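Letter by letter, the chains look like this.
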Amino acid sequence: MTVFCLVEVDGGGVVDASLRALTLARGVAAQSGDGLAAVVFGEPAAGDLAAYGVEDAYAVSGIEGYAPQAWGRALAALADGASAVVAAGTDRGNEVLAHVGAITGLPMAANCVAVSAGSGGSFEIVRQRWAGLLLEEAVLDAPVALLTVATDAGAAQPAGAPGSAVVHQVAASPADGDLVVRAAEAPAGAGGASLASARVVVGGGRGVGSADGFGPLDELASLLGGVVGVSRVVTSEGWRPHTQQVGQTGTKITPDLYLACGISGAIQHIAGCASAKHIIAINTDPAAPMMARADYAVVGDLHAVIPALVQALRDRS
Amino acid sequence: MDVLVCVKRVPTVGGAITVSADGLSVDTRMSGFTISPHEECAVEEAVRLVERFGGSVTVVTLGPAEAEEQLRSCLALGASAAVLLETPGGAEFGPAATAAALHSVAAGGGFDLVLLGNEAADTGDYQVGIRLAHLLGWPVATGIKALAVDDEGTSAAARREYRGVTETYALPMPCVLTVREGINLPRYPSLPGRLRAKRAVISRVPVSSAPGGGMRTTALRVPAAARREATVLGHGVDAVPALMSVLAELGVLS
């Protein structure tokens, strides 16, 4: 049998989230003695796929652009008889696999971090709940396991021995009904995307006090070549737009440095910033949960500390 | 325009999540309950559409009898009717069973639009809206951050961002949309709204226990502590020189 993995490509290469999905899919295939196949809508990045141990790459044509239901239908048809279908836990991966689940009537486990294949179509899985703040261990019994892989699960690892990545062209002929919903794509303005990839994020929370209070944080972010991120209370108050929210219902960030100012550290916020390499917290309350999550802490009022830090940075240059 | 909004009662989590003694549920003895921020925005979006077009907002939840509290909160925000699909004895329904239960309300209700949150705050299954759309035979788009309905109320332009690209979907109505926080800024409930919500009659429909969904939870656990050993650099502005040294050490000073 075969484990199929939906692979997203961007600018000729496989995106990081899909490399993680391939890594997990390869593990599942190895445990059950199955082959690993990739499904790509568009140009297959055969080099990347071979490096991750893919034997067969199905390049699907005939669907213009991103049409989630048509992608799901094509994937369901290709994977008929597979042991598992895996996708990245991205907006598109979760969406397409949910369509596969609805089309086939199969259960789907979203945002898995570990999967082991048992006997007779039984899979032991560990998946994220609460945006990764809680892990669920579960047994999935299904003729075909539908799995998405958390985008922050483990690391992407190439295969010990590369696969042959033989490319098979597949022409889909989607029904009109599957093409009703289709993405028209346009470049997005700055915002969420730059926050997600910023090297330095200066965070502001309730302690900032008002929309006007963000002046010094903006200046600090610009002096450090970073961007401002905020907690949920800040966007709920309307002090800052939601595109700047870090958290479970905002953006997950992965900077080298997260400087959290006046943020208490509710776990909905921690879900968004836990992957920062280093965290510095500035808070008047030494017992704030954010302080316990930080590598470095300054006990004090951000309204005094940040302007002084801005001044020190200016004096330096 | 008649809009159906699907919400879920979940524990309010503040500083930490703890697991109950049997390891199968979140310990809620110390917590309140709420709906997710995505769903608060779904209710707000529905209320705004009905303010513009006239019609009704019906809010539905699948959950225990206590979920009446969350339905009344939605009524206070401007929903006009509420349906509680009452689950027996706190049984957890999987995504397919949840979609099937919601379908019993969504089908034949004459709705133009069904809104859900992009994912439930607690289980994060990312699929109920899509499974519901397939049962209805309606088009669906997910993760929506902006919605524009045409003046006739017959088609929706829904937008989301993905990997630095804005994706716009044009959907004929009726359709299903799952939305994300940020699509709007929800209002606070008004006093008349609260009073109306208190008096409103909630329609209760018992739901028999869920069929097996193919997935069985064996344990819940909190991942290994992300707790770090914080070095206190100092108090107030006196800490600034130490802060500067740390910034230099971390290589973020250009």
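Describing the overall build of chain B
Phase 1: Looking only at helices and strands, chain B features six helices and 14 strands.
Phase 2: For chain B, the spread of C-alpha atoms along the principal axes amounts to about 65 × 45 × 40 Å.
Phase 3: Here chain B holds 254 residues, and the buried ones make up 50% of them.
Phase 4: At a minimum sequence separation of 6, the contacts of chain B that also span at least 24 residues come to 70%.
Phase 5: Of the accessible surface of chain B, which amounts to about 11200 Å², a share of 55% is contributed by carbon and sulfur atoms.

Describing the packing of aromatic side chains
All names here are of chain A.
Phase 1: This structure, assessed with the given rule, holds three aromatic pairs over all chains.
Phase 2: On the basis of an interplanar angle of 35° and a centroid distance of 5.7 Å, the ring pair of Phe 4 and Tyr 58 is categorised as tilted. Taken together, the positions of Phe 4 in strand β1 (residues 2-7) and Tyr 58 in strand β5 (residues 56-61) put the pair 54 residues apart, joining distant regions of the chain. The pair Phe 4 / Tyr 58 is uniform in exposure class, with both members buried.

Focus on the domain arrangement of chain A
Residues and elements named next belong to chain A.
Phase 1: Here the domain parsing of chain A yields domain 1 (2-179) and domain 2 (200-316).
Phase 2: Across the interface of domain 1 and domain 2, roughly 460 Å² is buried in total on both sides, 59% from carbon and sulfur atoms.
Phase 3: There are one salt bridge connecting domain 1 and domain 2.
Phase 4: Its salt-bridge partner being Asp 152, residue Lys 252 comes within 3.3 Å of it at the nearest N-O pair.
Phase 5: Joining domain 1 to domain 2, the criterion identifies two residue pairs in polar contact (both at pLDDT 80 or more).
Phase 6: Grouping the amino acids of the side of domain 1 that touches domain 2 by side-chain chemistry returns three nonpolar, one polar and one charged.

Regarding the sheet that holds strand β10 (residues 165-172) of chain B
Phase 1: If you walk across this open sheet you meet the four strands as β12(A)-β10(B)-β9(B)-β8(B), and the pairing is antiparallel. Since the sheet does not close on itself, it has two edges, and those belong to β12 (184-187) of chain A together with β8 (146-149) of chain B, each with one partner. The sheet shows a mean angle of 20° between the axes of neighbouring strands, direction not considered.
Phase 2: Relative to β10(B), strand β9 (residues 155-162) of chain B is paired through eight bridges, and the arrangement is antiparallel. Bridging from a neighbouring strand, Arg160(B) pairs with Glu167(B) of β10(B).
Phase 3: Sitting on the sheet, helix α4 (residues 91-104) of chain A touches β12 of chain A together with β9 and β10 of chain B, and the angle it makes with β9(B) is about 130°.

Details of the side chain of Thr98(B)
All names here are of chain B.
Phase 1: Looking at the element boundaries, Thr 98 is found in helix α3 (residues 95-106).
Phase 2: Residue classification places Thr 98 among the buried positions, given a relative accessible area of 16%.
Phase 3: With residues near it in sequence (within four places) discarded, Thr 98 still touches Leu 62, Phe 93 and Val 128.

Here we look at the packing of helix α3 (residues 68-78) of chain A against α4(A)
Residues and elements named next belong to chain A.
Phase 1: For the pair α3 and α4, the least separation of the axes is 8 Å and the interaxial angle reads 60°. Judged by the inter-axis angle, α3 sits oblique to α4. Between α3 and α4 lies a crossing of right-handed hand. Contacts from Pro 68, Gln 69, Trp 71, Gly 72, Arg 73, Leu 75 and Ala 76 in α3 reach Arg 92, Glu 95, Val 96, Leu 97, His 99, Val 100, Ile 103 and Thr 104 in α4.
Phase 2: The residue makeup of the contact of α3 with α4, split by class, is eight nonpolar, four polar and three charged.

Let's talk about the packing of α4(A) against helix α4 (residues 128-136) of chain B
Phase 1: At their nearest, the axes of α4(A) and α4(B) sit 9 Å apart, and the two run at 40° to each other. Taken together, α4(A) and α4(B) sit at an angle that is classed as oblique. Where α4(A) crosses over α4(B), the two elements pack in a sense that is right-handed. Residues Glu95(A), Ala98(A), His99(A), Gly101(A), Ala102(A) and Ile103(A) of α4(A) pack against Ile130(B), Arg131(B) and His134(B) of α4(B).
Phase 2: Looking at side-chain class alone, the contact of α4(A) with α4(B) contains four nonpolar, three polar and two charged residues.

What about the interface of chain A and chain B?
Phase 1: Each partner contributes residues to the interface: chain A has 88 residues there, and chain B has 82 residues.
Phase 2: Buried area between chain A and chain B, summed over both chains or domains, comes out near 7300 Å², and the portion from carbon and sulfur atoms is 57%.
Phase 3: Three residues, Asp91(A), Trp130(A) and Glu137(A), lead the burial of chain A against chain B; their summed loss comes to 10% of the area buried on that side.
Phase 4: Run the count over chain A and chain B and you get nine salt bridges.
Phase 5: Between Asp91(A) and Arg180(B) there is a salt bridge; the shortest N-O distance is 2.8 Å.
Phase 6: When residues of the side of chain A that touches chain B are assigned to their parent elements, the largest contribution, nine residues, is made by α4(A).
Phase 7: Within the side of chain A that touches chain B, the residues separate by chemical class into 51 nonpolar, 18 polar and 19 charged.

Conventions we followed
Residues numbered from 1 in each chain as written. Chains lettered and ligands numbered in written order. Predicted model: local features only at pLDDT ≥ 70, side-chain atom pairs only at ≥ 80, totals over all residues. Heavy atoms only, no water. Helix = DSSP H or I, 4+ residues; strand = E, 2+ residues; numbered from the N terminus. Buried < 20%, exposed > 50% of the residue type's maximum accessible area, 1.4 Å probe, protein only. Contact = heavy atoms within 4.5 Å. Areas by Shrake-Rupley, 256 points an atom, 1.4 Å probe, with all protein chains shown as cover. Phe/Tyr/Trp six-rings, centres within 6.5 Å; stacked < 30°, edge-to-face > 60°. Domains from an automatic or database assignment. Buried area = accessible area lost by both parts, 1.4 Å probe. Salt bridge = Lys/Arg side-chain N within 4 Å of Asp/Glu carboxyl O. Polar contact = N/O pair within 3.5 Å; in protein donor to acceptor, adjacent residues only side chain to side chain. Nonpolar A, V, L, I, M, F, W, Y, C, P; charged D, E, K, R; others polar. Pairing = 2+ DSSP bridges. Axes fitted to C-alpha atoms, helices over the stretch in contact; angles between N-to-C directions. Parallel < 35°, antiparallel > 145°, perpendicular 65-115°, else oblique. Left-handed = near helix turned anticlockwise from the far one by under 90°.

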